[in-house]
Structure formats: C-alpha cells, structure tokens
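Structural features, examined
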Amino acid sequence: MTPSRLLRISHQRVRSMLRKDAIDGEVARELAFHFESLVEENVSNGMTPEQARRAARAALGNPAVLEEQCRDHRRVTWFHDCRQDLAYGLRILRRNPGFAIVAAVSLALGIGANAATIGAIDAVLHRAPQFTDVDRLVILRTAADTNPSQRANASVADFVAWRERSAAFDGIAASLPSQADLGADASNTYAERLQGYVCTGSLFPLLGVQPVAGRVFTDADPAFGLPGSAIVISHGFWQRRFGGDTSVLGRRIRLNGIDASVVGVMPEGFSYPDNRPDFWALLRADRSQASARFYLTIARLKPGVTLSQAQADLNAINARLATEDPARHRGYSVYVDDLRDVRFGWTKRPLWTLQAAAVLVLLLAGVNVAALTLARGTTRAPELGLRMALGAGRGRIARQLLTESVLLSLVAGGLGLIVTALLQRGVMSLKAIPGLPDLPPLEIDWRILAMTLMLSVVAGVVFGMAPAIAGSKRVLAASVRESERDGASPGARRLRGALVAAQLALALILLAGAGLLLNSFVRLASRDLNFESRGLVSFEFQIPIREYIRPSGQYRGLSYFEITSPPSQRIARVYERLRAIPGIVSTGGVSHQMVNRLIVPRVDVVLEGRRAARAADGSPLAAAYFMVTPDLFATIRTPVVRGRAIDARDAYSTPWVAVVNETMARQFWPGEDPIGKRLTLDIVPDERPRDVIGIVRDIPVRRAESAEPVVYTSYLQQPTKYGGRFANMLGTMTFYVRGADDPMRLVPAIRRAVADLEPERPIANIGREAREAYYLFATHSHVFLVGVFASVATLLAAVGVYGVMSYTIAQRTREIGIRLALGAGAAEIAALVGRHAFAIVGTGLAAGLAGALLLTRTIASQLWGVTPTDPPTFAAVSAILVAIAAIACLVPVRRALRVDPTVALKAE
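For the structure given in this document, a descriptive report is provided here. Bear in mind the structure is a predicted one, so any value in this text is a computation, not a measurement.

In this section: the packing of aromatic side chains. Evaluation of the coordinates by the stated rule reveals 14 aromatic pairs. Each ring, one from Phe204 and one from Trp280, has its centre 6.0 Å from the other, and the planes form 80°; the classification is edge-to-face. With a gap of 76 residues between them, Phe204 in helix 8 (residues 203-207) and Trp280 in strand 8 (residues 279-282) connect regions that are remote in the sequence. This pair shows no difference in class: Phe204 is buried, exactly as Trp280 is.

The next thing to look at is the pairing of strand 21 (residues 710-714). In the case of a regular strand, side chains alternate between the two sheet surfaces. Among the five residues of strand 21, five are classified as buried, and the element is accordingly described as predominantly covered. Burial along strand 21 is two-sided: Val710, Tyr712 and Ser714 and Val711 and Thr713, pointing in opposite directions, are all buried. With five bridges connecting them, strand 16 (residues 622-628) and strand 21 associate as parallel partners. Looking across to strand 21, one finds that Val628 is bridged to Ser714. Of the pairings in the sheet, the one linking strand 18 (residues 657-661) to strand 21 comprises three bridges and is antiparallel in character. Counted as the bridge partner of Ala658 is Thr713 from strand 21.

Side chains of residues three or four places apart in an α-helix project in the same direction, reflecting 3.6 residues per turn. Here helix 3 (residues 49-60) spans 16 Å end to end across 12 residues, near enough to the 16 Å set by a 1.5 Å rise per residue. Positive backbone phi, at 90°, marks Gly61, one or two positions downstream of helix 3.

For the bond running from Tyr272 to Pro273, omega is 0°, close enough to zero to count as cis. Considering the arrangement of structural elements, one finds Pro273 in the loop between strand 7 (258-265) and strand 8. One non-glycine residue, Asn256, lies in positive phi territory at about 55°. Structurally, Asn256 is set in the loop between strand 6 (252-255) and strand 7. Phi is positive for Asn765, which is not a glycine, with a value near 55°.

Moving on, we get to the nonpolar core. One finds Val427, Leu510 and Phe789 to be the most contacted residues of the largest nonpolar core, which totals 88 residues. Counting only elements with at least two residues in this core, the list comes to helix 6 (97-127), helix 13 (348-379), helix 15 (394-428), helix 16 (446-472), helix 18 (490-526), helix 24 (772-811), helix 26 (826-855) and helix 27 (871-897). Examining the composition of this core, we find that 15 residues originate from one element, helix 6, more than from any other. Beyond its immediate chain neighbours, meaning those up to four positions away, Val427 contacts Ala120, Leu351, Leu354, Leu439, Leu442 and Leu785.

As a further point, take the side chain of Asp870. Mapped onto the fold, Asp870 is located in the loop between helix 26 and helix 27. Using a relative accessible area of 11% as the deciding quantity, one classes Asp870 as buried. A polar contact is formed between the side chain of Asp870 and the side chain of Asn519, at a distance of 3.4 Å. A polar contact is formed between the side chain of Asp870 and the side chain of Thr873, at a distance of 2.6 Å. Once residues lying within four places of it in the same chain are set aside, the contact partners of Asp870 are Leu516 and Asn519.

Moving on, we come to the pairing of strand 7. In terms of burial, strand 7 is largely enclosed, as seven of its eight residues are buried. Direction of pairing for strand 4 (residues 213-214) relative to strand 7: antiparallel, over a ladder of two bridges. Bridge pairing in strand 7 places Ala213 opposite Val265. Here five bridges tie strand 5 (residues 229-233) to strand 7, and the two strands are oriented parallel to one another. Across the sheet, Ile231 pairs through a bridge with Val262, a residue of strand 7. In the sheet, strand 6 pairs with strand 7 via four bridges, with the strands oriented antiparallel. Considered in strand 7, the bridge of Arg254 is made with Asp259.

The N-to-C vectors of helix 19 (residues 568-579) and helix 23 (residues 747-757) enclose an angle of 145°; their axes lie 10 Å apart at closest approach. Once helix 19 is placed against helix 23, the crossing between them reads as right-handed. Contacts between helix 19 and helix 23 involve Arg573, Val574, Arg577 and Leu578 from the former and Ile750, Ala753, Val754, Asp756 and Leu757 from the latter. Split into classes, the residues belonging to the contact of helix 19 with helix 23 amount to six nonpolar, no polar and three charged.

Inspection of the entire model under this criterion finds six cavities of 30 Å³ or more. Here the second largest cavity is characterised by a volume of approximately 70 Å³. As for the second largest cavity, its lining consists of Tyr190, Ala191, Arg751, Val754, Ala755, Pro759, Arg761, Pro762 and Ile763. Looking at the lining of the second largest cavity, the element that brings in the most residues is helix 23, giving three residues. Residue composition of the lining of the second largest cavity, by class: seven nonpolar, no polar and two charged.

Right, let's talk about the side chain of Asn530 for a bit. Relative to the assigned elements, Asn530 resides in the loop between helix 18 and strand 11 (536-542). For Asn530, a relative accessible area of 13% corresponds to the buried category. Within the structure, the side chain of Asn530 is placed 2.6 Å from the backbone oxygen of Asp698, a separation counted as a polar contact. Not counting the four nearest positions on each side in its chain, Asn530 is found in contact with Arg637, Thr638, Pro639, Arg697, Asp698 and Ile699.

Cut-off values and rules
Residues numbered from 1 in each chain as written. Predicted model: local features only at pLDDT ≥ 70, side-chain atom pairs only at ≥ 80, totals over all residues. Heavy atoms only, no water. Phe/Tyr/Trp six-rings, centres within 6.5 Å; stacked < 30°, edge-to-face > 60°. Helix = DSSP H or I, 4+ residues; strand = E, 2+ residues; numbered from the N terminus. Buried < 20%, exposed > 50% of the residue type's maximum accessible area, 1.4 Å probe, protein only. Pairing = 2+ DSSP bridges. Expected span 1.5 Å × (residues − 1). Core = buried A, V, L, I, M, F, W, Y, C linked by side-chain atoms within 4.5 Å. Contact = heavy atoms within 4.5 Å. Polar contact = N/O pair within 3.5 Å; in protein donor to acceptor, adjacent residues only side chain to side chain. Axes fitted to C-alpha atoms, helices over the stretch in contact; angles between N-to-C directions. Left-handed = near helix turned anticlockwise from the far one by under 90°. Nonpolar A, V, L, I, M, F, W, Y, C, P; charged D, E, K, R; others polar. 1 Å grid on protein atoms, 1.4 Å probe; cavity = no way out; pocket = protein on both sides within 12 Å on 5 of 7 lines; lining within 4 Å. Points joined across faces, edges and corners; volume = space filled by probe spheres on them.

Shown next as structure tokens:
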C-alpha cells in the first residue's frame, strides 16, 4: 500500500468517525444517483417508469443494507457503537441517580486512596530528591561487625581513605551537623540559634546545585570556626533574617562569636542532608584528625559503575585499612546505599501499609459496586431479554453493560481526585525522625492524573466483568420466568451473597490492622512517662565548646580535653536568673532532652568493690548519662522513690553524688539497697567516685523501648578533663520551666533574662511540651489514615449487607406474604430472613479472620506492646463488624415483618 493511499484511507476513516451524518448523507446521495441512473437507463431501453424503478431496485438491492455495508467497509462501526453505548449508559445512570451516586462514591474512595498512596510512593521513593543524576548518588556508611544492622556514618579517617583510594566514584563529600549562635544585631534582634552543616568543598558540585546568588565556598576559603570563614545560607534563612536583601552577599555576621562572611544563597526548596539547614560552612578533613563516626558521606558513582561494584571496591579498601590501622578500622564494615533509600527509607513501612489498606478499600468498593450492579441487573432482565429477542447478541449485551461499568468508574475517578487531594495532606503529615528530611511536597500532576485514569478503567473492567457476563447470559424466556418468581436464579443469589461475604472479610482485615495500630498507639501514648509535660515550657541554652576546652590527650582511642573555663558557672547564673522571674513556679535543667531520644549519651559504669561486674551479655556495665541542676525532678514531677534528689548542697567541693533510676538500681545491685553504694563513670582517668543518694522513677529515654539504666549527676560536679564525646554536654543545658499560668507567656521574660546575661547566646528549641509528643504525632497521622480507610471499608460493607438484604426481601415478598397468610409469626419471618443474613455474615467473618491472622504479621514491626494476633483486638473488631452488620439488617427485617399478605398476593 502506497503512502498516499494510506493517507487517503486514514483521512476517510477519520471523517467517518467525526462527521458520520455528513458521510452517511454522501453515501445516500451516491446510492440515489446510481438508482436514478439505472432508472433512466431502463427507461431508455423501453421500460415504463414503474418497470424501470422495479428493475433498478432489484439490481441494487435494499438501500438500507447497502448503506450499512458501506459503513462496515469504512471499519469505524466500533467507534459509533461505543458512542451509542456511552450515550445509552449516561441515560441509564441519569434514570437511576441513587445507584449511580452510591456506586460512584464507593469507587471514588478506593480509586482516590490508591492514587494518593501510589503517587506518594512514586514521589518519595522514585523521584525525590531533585539532584543532578540522582540515580548515581549513594551514601557511604559503616557498622560494627557485632551489630551490622545499626548503621553509623563515617570517621574522618574513613572519608579520607575512600576519597584517596576508591576508583568507583566521580566525587565524594562529607558533612557534619553543626549549630551556631547568630549574635544580636543593631536592630535589637535577639540572638538566634542556627541549624547548619559543615561540609567539604566538593559537596555542592557533587550534588549539581548552584546558588541563586553569589557562589559556593571552596577549599581555598577559611574553614568554619576561623575568622572570615565562608558560609552559604539557605533561601528560607535569607528571607527570614535578611528579607531577601541581595546586599547580604559579603556581609560579615557573627557566628559563635566569630566573624563569618556570607558568600552565597542556595535556591528555594534546596535542602541537604535534611530540611532544617540555615547555613552550610566549609569543613576540612585530613587523615591526621581523630573522630568518631559522625560524618555523613555522599558520593557519585562513575558512569557504568553499579552499587555492587562500588561495594566490592570499598570492601577491598576497608580490608587494607583494617590491616594498616587496626585501632581505627578493625571490626567495622562499610556499606554503599542508595541516596533515596537512606533519606526516605523510613517512609516504606507506613506508605506500604497505607497502600495495602488502600488496595483493600478499592477491592471492597469494587465488590460492593459489582454486587449492586448484579442485583440491579436482575431488575433489568426484561429489558435485556427484549434486546436479545430483537437481535442483539450476547457480546453486544456484555459490551453495553461493561461500557456502563467503565463509564461509572470514570465518573468515580473524577470524584477520586478530590479524595486524592485530601489524602495527600494526610500523607504529608508523616514526620521523619530527626536528622532525615520530611516528605517532599506532593501535588496532583500528570502522573496522578494518568494513575487515576488507569485505575478507573481497570476498576471499571474488572468489577464490571461479572455483572456483564451474568447479564449477557439472560434470554427472554428465562428472564420472564425469573421475573414471575423471585427475579433471580439460585446461582445469582449465591453470587450476590459471596460478594457481600467478601466485603465483610475485607473490612474485617482492615479493621484488624487498624485496631492493632490503634491499640499500639494508645499503649504508647498512655504509658507512664513519669514526666509531667503539661504546664512546662522547655528551651535549650548552649555555650560553644571551643570557649571552654583545650585538647589534652587521648583516652581509649579518643581525644579528651581540659576544661579551661567551666561552663557550669555561666549556666548557674542563667539558672538563678530564671528562678527569679515572676510567675515561674519552678525550673530545672538537664544536659539533654530526656524523653524519646534517638541518640542517648551512654557511659561505662564501674561499681566500687565489683570492678569485674558485667552486663548479662558480657559487655561492660553502661548507663544513659545526664547532668542535671537542682529541682529538675520536682519541676518535671518525676517521683523520687528512695533517698533524695540532687540539690543545692551538691557543689564541686562537696562529695560527688549520683542519682539512678529504678532499672539501674535493679540491674546493677540486684537484691541490694543502692543508697550509699559508690560508682565511677568511666569518662577520663581523673573522674571521682560518686555516692548513690537517690532512686527515681524510670523515664523512657528512648522511643518505644523498655526502660534502661540511667544515671544523673550534678552539672557542678564534673572533672576538669573530659572525653571528646561528652565534652559538649558541659556547655549544653535544656531548661524546663513550670509556670503558675500558661508557661508560653513566660518566654519573652525568659528571653530577656538570658539576653541580659549572655547577649550572644540565644535560647533555642522552645517548646510548650516535651518532645515525646513529636513521635506520638508522627505515629498518630499514620494510625489516623489507616483508621479512616478501615472506617470507609466498614461503611461500604454495611451498605453491601443492607443492599443484599433489602433486595432479598423485596424479591421474596410473595413468599413472605403467603407465610404470613398461613399464620407465620414475626419470629418465624425474622428467622427466615436471619438465616440468610447469618450465613453471609458468618462466612465473611471466618474468611476475614483467616486473612487477618495471616496479613497482620506484616505490620508487626509497627506495633508496640501488642502482638499481630492480639486476641482482644480481634474479638473487638469482630464484635464491631457483627454489630454493624446487624444494624444494616435491621431495617430490611422490619420491612419484612410489615408485609401485608393481601397486598403481596394482589401484586401477583
């Protein structure tokens, strides 16, 4: 076929699709022309006009058949049939608005939920973050061989070795979180705590991100902490502090009391490694530096290099390092992980849980619509039978019913976009753990629209298939016979019952999962924290470590420092000033936030007279470690079980003391009284022994974990030398303030009081309550969404039960009327209807319990204090579903009891 002929045929077919009436008119005129030509030819051959017309008609045949053959020859009949099916389907839906609304809303909930969750998974795990060639970006981490699942970052020695020896990467960069205090300025703006990162000069080129103003720093710039150090600020900080003024470039600002120069502003929306940075500053790393594994290391794979190849390369380097420098490298392995997995891997469990719930909702909604369509198809039996009698084939009937189903599903897809937009807000409320970025913005884009369209078409075809096949099997005689009896064959009744049982089973699975998550959340939220956060306001005060330390030597492979100017004296002045503020009932401070922490400072503990004592696993005795001020436990209302708390008498010159929690007392001195015992914290060689003076209730220092040993010491009773990992604790204090009224009203007075004493030191991380609410909020959003899905599923199941029972009773009106006329009582009629309902509900519950017992194991890692097969939870959700099903059956049963025998018999 030549191209010109192909184009001509295509043109004619497009015209036939879009201008059917015009093309049909042309065909009719052409046939009329041929007919008149034959008539004239026959007349010229001697026929009379009447004979000529009869002969012409005989020669050409039926004009209507000829026109239909011409239309078939254009091969676009399917298009016009589909258009007719759509038009007819719209008329059918308009004539049945109740059915259309219920079915469309049911499917909209399922389609919208799936579009939202699939869109979130795609945006978070496949498309974010928006860096250049993100598929080649990897995070390099280490882990102790004794605990390979607990990933850590890299040390400076690790980073330098990888940078110098690896051949798998185009570039490698390291970063380290760093806070900095921005001093007050001439506009009377208070000092501000900034969250930032110090990073190597290779970071921004590696990410492929350019500033919107100025430049990024290079290795030639002064490093952070040196006079004139170069910093790059975030777009948000630029707008908040400087009002977007471009003259900020080159401006000198004071960070931690040292001048720094702003050299660039990053684009809006850029954040790395998390969403919090206000600034980035230069970090210099060389192999002579000793450090713990705190440095986040990112690298870009060379083109063609795979993750497994990069892993093998670093494994070989790590093996050589363990031989060359065993003190710093032996006992650790290195891991190469995809950047997106590291940044957003925390979303996998909640998002896949939500996705599973959304799939169940869609299945339940589809089954609900299929059951409604099947029941409605029985009432359409005379219509379908008549169409078959007039010549419509089974395929034509099935296609018409399937078209109606897809059309209904497309309407539901449009409504589902509203559900998608609402659910995306719920998904966005999922919160990352500190140190990881929150979810990127989720929007309804072309991907969501395409996903919604695909889900709509697939749902319409899948859930419309059974009603279409069932409807196409009806014939006129069978339809008439069924309409004379109960309007449905036994097979159709069993199919409807099975569909409703499936709805109940799916609803029970979702209810069980939601019930377990809710039970877990309630246990987590209601656990006794021994910490009364209501009525408290907390804030952090910090003195930079460089202002009070000087390197002094090595202790157990780590640097330790001499305390040149104890920060406790400055903290004491702040503490005393806070106590003098009117309206403050009590105040106390602790070196770190105490509840639901991710990283807890821990210290080895040596017990006097029992130096060889070990933990149950053979490791040295260790405890979480906090330095506190007097009145801390009274302020946060943590009960002292025995002895006393740390108070004003515990000064540097008095005997050093410690307070332990109940778990430490029970584990370290089993069967003994800890009061009066002595212990030593293994921090530096000149640490003094401490007398245990009190036992306090357990405060859960980690999220959702069992209690662990904790030791508290006075912030005034500290050695003059300190290990590197603990030295920063000396200058950091989180104060808790309890007010007589709303504690937030005290914040301005607190800010002024601290600024009077320390104008360069801001108060930061101000909060009405303790941070334990953070994790509860994050868990709450997850549980709430699953609960919404479960509620929707239950509602749909109730609608299904109500629909099938109402339909069953309507079809058995004659039978019920006869039974009543023969003397049957209300109990007998209720039992007759109830047996059918009981069979459906019982089957659904049995299948649902089996499915729930199998599937709830997949959310075991998201539960706290609850097993995946918790009997009370399963019993409760089963009872709820049975009660809802019983309520759904109540109205149809009452309707059956009100049947008038005479009316029922007259209707026959």
